[in-house]
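Each chain, letter by letter, is given below.
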Amino acid sequence: MSSAASNEWGQWEVVIGLEIHAQLATRSKIFSGASTAYGAEPNTQTSVVDIALPGVLPVLNKEAVHMAVKFGMAIKAEVADRSVFDRKNYFYPDLPKGYQISQFDLPIVGPGTIDIELESGETKTIGVTRAHLEEDAGKSLHEDYAGMTGIDLNRAGTPLLEIVSEPDMRSAKEAVAYMKKIHTLVQYIGICDGNMQEGSFRCDANVSVRPKGQEEYGTRAELKNINSFRFVERAINIEVERQIDLIEDGGEVVQETRLYDSVKNETRSMRSKEEANDYRYFPDPDLLPVVITEEYRQQVRAELPELPEQKQKRFMEELGLSAYDAGVITASLALSSYFDTVAEKTGDAKLSANWITGELSARLNREEIDIADAAVDAGAFALLLSRIKDNTISGKIAKDVLDAMWKGEGSADEVIESKGLKQITDTGAIEAFVDEVIANNPSQFEELKGGKDKMMGFFVGQVMKMSKGKANPAQVNELIRQKMK
Amino acid sequence: MYHTKSVTELSAMLQAGEVSSVELTRYFLDRIKNSDEKLNSFITVCEEQALAQAKECDERLKAGNAPALTGVPVAHKDIFCTDGVKTSCASKMLDNFISPYDATVVTNMRAAGVVMLGKTNMDEFAMGSSNETSYYGAVKNPWNLKAVPGGSSGGSAAAVAARLAPAATGTDTGGSIRQPAAFCGITGIKPTYGRVSRFGMIAFASSLDQAGPMGQSASDCALLLNAMAGFDEKDSTSIEKAVPDYSADLDKPLDGLRIGLPKEYFAHAEGGMNAEVEAIIKTALDQYKAMGAELVEIELPNSALSVPVYYVVAPAECSTNLSRFDGVRYGYRCEDPKDLNDLYTRSRGEAFGEEVQRRIMVGTYALSSGYYDAYYLKAQQLRQLISDDFKNAYEKVDVIMAPATPETAFNIGEKSDDPISMYLSDIYTIAVNLAGIPAMSIPVGFSDGMPVGMQIIGNHFEEARLLNVAHKYQQQTDWHTTLPEEFK
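Residues numbered from 1 in each chain as written. Chains lettered and ligands numbered in written order. Predicted model: local features only at pLDDT ≥ 70, side-chain atom pairs only at ≥ 80, totals over all residues. Heavy atoms only, no water.

A.B. asks: Help me out: how do you make sense of the overall build of chain B in this one?
C.D. replies: What chain B contains, in helices and strands, is 15 helices and 11 strands. The C-alpha radius of gyration of chain B comes to 21 Å, within 12% of the 23 Å expected for a compact globule of 488 residues. Across its three principal axes, chain B shows a C-alpha extent of roughly 65 × 55 × 45 Å. Taking all 488 residues of chain B together, 66% fall into the buried category. Put simply, 75% of the contacts in chain B that link residues at least 6 apart link residues at least 24 apart. A total accessible area of about 16500 Å² is found for chain B, and carbon and sulfur atoms account for 49% of it. Positive and negative charge centroids in chain B, built from 43 and 62 side chains respectively, lie 2 Å apart. (Helix = DSSP H or I, 4+ residues; strand = E, 2+ residues; numbered from the N terminus. Rg over C-alpha atoms; globule rule 2.2 N^0.38 Å. Buried < 20%, exposed > 50% of the residue type's maximum accessible area, 1.4 Å probe, protein only. Contact = heavy atoms within 4.5 Å. Areas by Shrake-Rupley, 256 points an atom, 1.4 Å probe, with all protein chains shown as cover. Lys, Arg positive; Asp, Glu negative; His and termini not counted. Charge placed at Lys NZ, Arg CZ, Asp CG, Glu CD.)

Take a look at the structure:
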């Protein structure tokens, strides 16, 4: 499925909408004072409210509201003057109250937009229908108890912002681009840690197909709880393939909820529309409507940090980075912080950008890890680049040094020292290499002098080889030219 | 003897050192032990804890500066969560539930110094008007052991009427304080919605539930309400408004008081008010007139809608409030569930009584997709109209007076097979909850030996005025100090 999106599915057009669940980075839960920290012993982070004892009442965490408003401001959405919490009723053992407190008719954040960059380089605007506050459920643990299910309610009541898009995406790649954009944004504005392994950022994808040119949408399937960018792309593509195969074989897509199995790389039905719950939404009488004043909106707007697009623009204008480099670096808050440190320490933004989008990103991609898990931190990386700048090593040697550093063999200076990689800048020593190479290759040297410029590379290469890469390339060039006179 | 003393008097005696809290507590524990077999008004008696609390209170009293209610024993309706004590809500579902925390009402009253004698019987989950739906059996009316005490706070009403406790707490969703107060001849007040915290009070219908005191007199209720009321950050619907001293204005003269009489409640009364009840109420109204009040006929044109609106809103809210009782984390769980669905259906089916199940079903239906607009939404709109009726009325009058119930206490079993006629016994009380305003019931006479209650209904946050109006009447009458023969 690597062909260009437009022709990816022949006569079929894919329609995708995403519901992203971003766990808000509040210290306590949305309706209780219990901690939201991840990974505690089961049921140790639960108050009487979280386990829904008789008589308890929810109290809204103001910080969760603050964060939702921040998101609204960041996507230039309408933030509602008045929004309402509703009860979404269904029975499940990890849903202690028998209902989830969510927002239905009147969400806190109304329509907004997000721009994504397509592979073609074009920009596409994706509509954000709404974003609303709700509480997360607990977890059911099926594995550890034979014939029984364990319930861990630590996560119950964790605040979520559910961000619902319009069905504006036309390929899995667009969906991923959109999801990444939101992922970056929520981290920039500090409302979500973006940790996908821990489930802090996950999505449901509504997927349908229709013949190209057809106005109305096809019947959609909802893919539940996908928690990595890679899985989003794979799940959507496998589901699209399933739907197209089904229709082309004369079948019909039914509206249903499906689960993506990343091991088998398939989606399978969880429940159909007929089996779907009637959630019996109604306004929660235990909570007052959330009232947001214009003054509060202004205050939150003023608090917003620099957003990715603003930062990209600034990097291009002030630091002279290319649009590509600036785009790659600002697309992740962690990467752009890494860059900030490296650029500041080296005093060379362009060099830093080249190395971060080049060598560093290549290594991260190869190992499929995040910048946060990079083996070399920003300070150590900056030192390496400084050694290029002060001519201690060449850029080529620096790559080897980085490899050694990546393996944990020490700092740039330690690696250069222990491997004897310090660049030779002593003109006398380099001249000796140059003379030897010319002496060994007289005919080639004649060709060079005769105007065959290609030979220059050969000679520089031979000298570099003889010096084990340590000769300063600029000096080598200069000396060879002198010898040609 | 102590049981003929009001809370006001007992409190003065305690402060003066004329009696100790331990002595008083033991006295009432004995009374419960000796007489409650007849009434079944308590689900749990907390002898040990009560005596320990009383001992503490005596120390506080000795040390001086103890708050006014220090050492006074009271009973809590078993709908309030009490730390370390069974909190059953009169349901099999919570028969095994020991609450690990105190309701705010319990905390507040404890801080004010009261001693908890025990937990009183009630209709299961406060759903009922006769106290017959309790898992622990019906409560009897101290005035006639064959009659119901009313409900849902029937245990509290009976216990206070028989003076097994000097006072008790109750809750009122559609009349659950006022109707049993009327049936048992005691005084009870349902405050403004939001005046008393709902935290720790097991929810029936969240937008209607409100806790209040049930006592021998308006002045006792004022003392108790002083302790109960106040903003609670744990209850988002509680109101951040200073609590006045409800005892301060009890003696204010009633000259010029404008009393509204809803024409819908009199004459061709809806719900068919009993003629003798009506006559007794008219006598009480004449006494008010004699005290300088002016009687004004008013209209509450939408009052006929109250019962149907209530029986959509309350079941709808209860249907989801009771979802948490699922047999998973606490409470009743059926034996050997086959699977999850079996666990839910049998746990709930076996532990909820008939009336509770009926209301859950009605409410689930009313909230269902396709019916929501026609029932719940419509009911909320009508609720606004009912509320507006009162708003308009209070432009003309200061308080409204009405019967509390169409008739005196009916016999046990008389209406238990006829839910509709049972629902109609709350016809005069329900509108008040829908409007969120305060109201009380005071005893104003007897019909065939059974107490008759009159309602005094006020505008939002007018509790002090209601208590004043009630107190002035009680200074001139002795209905509220008359005790049932068997419990004298």
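A.B. asks: Looking at this structure, I do not really get the domain arrangement of chain A. What am I missing?
C.D. replies: Interface size is commonly expressed as the accessible area that is lost once the parts come together. As assigned here, chain A comprises domain 1 (5–299), domain 2 (306–419) and domain 3 (427–484). Computed over C-alpha atoms, the centres of domain 2 of chain A and domain 3 of chain A are 31 Å apart. (Domains from an automatic or database assignment.)

A.B. asks: It is not clear to me how unusual backbone geometry should be interpreted in this structure. Could you clarify?
C.D. replies: Glycine aside, negative phi is the norm for most residues, and most peptide bonds take the trans geometry. Residues Gly151(B) and Ser152(B) are joined by a peptide bond in cis, for which omega reads 10°. Its location among the elements puts Ser152(B) in the loop between β3 (115–120) and α5 (154–161). In the Ramachandran plot, Asn265(A) falls in the positive-phi region, its phi being about 50° despite a non-glycine side chain. Topologically, Asn265(A) is positioned in the loop between β12 (256–261) and β13 (266–272). Assessed through its relative accessible area of 28%, Asn265(A) is described here as partly exposed. Here the phi dihedral of Asn40(B) falls at roughly 60°; this positive angle occurs in a residue that is not glycine. By secondary structure assignment, the location of Asn40(B) is in the loop between α2 (21–39) and β1 (42–45).

A.B. asks: Hey, could you run me through the sheet that holds strand β14 (residues 282–283) of chain A in this one?
C.D. replies: The pairing of strands in a sheet comes from backbone hydrogen bonds and takes either a parallel or an antiparallel form. All names here are of chain A. Strands sit in the order β4-β3-β14 across an open sheet of 3 strands; the sheet is antiparallel. Each edge of the open sheet is held by one strand with a lone partner, namely β4 (99–102) and β14. With 4 bridges connecting them, strand β3 (residues 86–89) and β4 associate as antiparallel partners. Considered in β4, the bridge of Arg 87 is made with Ile 101. (Pairing = 2+ DSSP bridges.)

A.B. asks: Sorry, what's going on with the sheet that holds strand β6 (residues 123–135) of chain A here?
C.D. replies: All names here are of chain A. Pairing is mixed across the open sheet formed by 8 strands, whose spatial order is β5-β6-β9-β1-β10-β11-β12-β13. Pairing within the sheet leaves two strands with one partner each, and these edge strands are β5 (112–117) and β13. Each strand axis lies, on average, 30° off the axis of its neighbour in the sheet, ignoring direction. Relative to strand β9 (residues 159–165), strand β1 (residues 12–23) runs antiparallel, the two sharing 5 bridges. In the strand pairing of β9, Ala 22 is matched with Leu 161. (Axes fitted to C-alpha atoms, helices over the stretch in contact; angles between N-to-C directions.)

A.B. asks: Help me out: how do you make sense of the side chain of Lys97(A) in this one?
C.D. replies: When you line up the elements, Lys97(A) lands in the loop between β3 and β4. Apart from the residues within four sequence positions on either side, Lys97(A) is in contact with Ala52(A), Glu135(A), Thr320(B), Ser323(B) and Arg324(B).

A.B. asks: For this particular structure, what's the right way to read a nonpolar patch on the surface?
C.D. replies: A contiguous nonpolar patch, built from Tyr365(B), Tyr371(B) and Tyr375(B) and spanning about 280 Å² of accessible area, is present on the exposed surface. Its place among the elements puts Tyr375(B) in helix α12 (residues 373–393). (Patch = residues over 30% accessible without salt bridge, like charges linked within 9 Å, V, L, I, M, F, W, Y side chains within 5 Å. Salt bridge = Lys/Arg side-chain N within 4 Å of Asp/Glu carboxyl O.)

A.B. asks: Please explain the nonpolar core as it appears in this structure.
C.D. replies: Soluble globular proteins tend to bury their nonpolar side chains together. Among the nonpolar cores identified, the biggest contains 162 residues, and Phe125(B), Tyr288(B), Phe390(B), Met401(B), Ile456(B) and Leu467(B) are the most heavily contacted of them. With residues up to four places along the chain from it excluded, the contact list for Leu467(B) reads Ile189(B), Ala218(B), Cys221(B), Ala222(B), Leu225(B), Tyr246(B), Leu250(B) and Met440(B). (Core = buried A, V, L, I, M, F, W, Y, C linked by side-chain atoms within 4.5 Å.)

A.B. asks: What exactly am I supposed to notice about the environment of Tyr311(B) here?
C.D. replies: Residue and element names in this part refer to chain B. Along the chain, Tyr 311 falls in helix α9 (residues 306–321). Residue classification places Tyr 311 among the buried positions, given a relative accessible area of 11%. Spatially, the C-alpha atom of Tyr 311 lies 18 Å from that of Ser 369, the residues being 58 residues apart in sequence. Tyr 311 has contacts with Arg 359, Val 362, Tyr 423, Asp 426 and Ile 430, leaving out every residue within four places of it along the chain.

A.B. asks: How should I be thinking about the packing of helix α13 (residues 442–449) of chain A against helix α15 (residues 473–484) of chain A in this particular structure?
C.D. replies: What describes two packed helices is the angle between their axes and the distance between those same axes. Residue and element names in this part refer to chain A. Contact geometry of α13 with α15 gives a least axis separation of 10 Å together with a crossing angle of 85°. Looking at the two axes, α13 sits roughly perpendicular to α15. In contact with Phe 445, Leu 448 and Lys 449 of α13, α15 contributes Ile 480, Lys 483 and Met 484. Split into classes, the residues belonging to the contact of α13 with α15 amount to 4 nonpolar, no polar and 2 charged. (Parallel < 35°, antiparallel > 145°, perpendicular 65-115°, else oblique. Nonpolar A, V, L, I, M, F, W, Y, C, P; charged D, E, K, R; others polar.)

A.B. asks: How should the pattern of salt bridges be read in this particular structure?
C.D. replies: Opposite charge on two side chains makes pairing possible when the charged atoms of those side chains draw close. Residue and element names in this part refer to chain A. Enumeration over the complete set of coordinates arrives at 57 salt bridges over all chains. Of the charged contacts in the structure, one is a salt bridge between Arg 155 and Asp 136, with a shortest N-O distance of 3.3 Å. Of the two residues, Arg 155 is situated in the loop between β8 (150–152) and β9 and Asp 136 in the loop between β6 and β7 (139–141); the sequence distance between them amounts to 19 residues. Ionic pairing is found between Arg 242 and Glu 256, a salt bridge with its closest N-O pair at 3.8 Å. Here Arg 242 is found in helix α3 (residues 229–248), whereas its partner Glu 256 is found in strand β12, with 14 residues between them in sequence.

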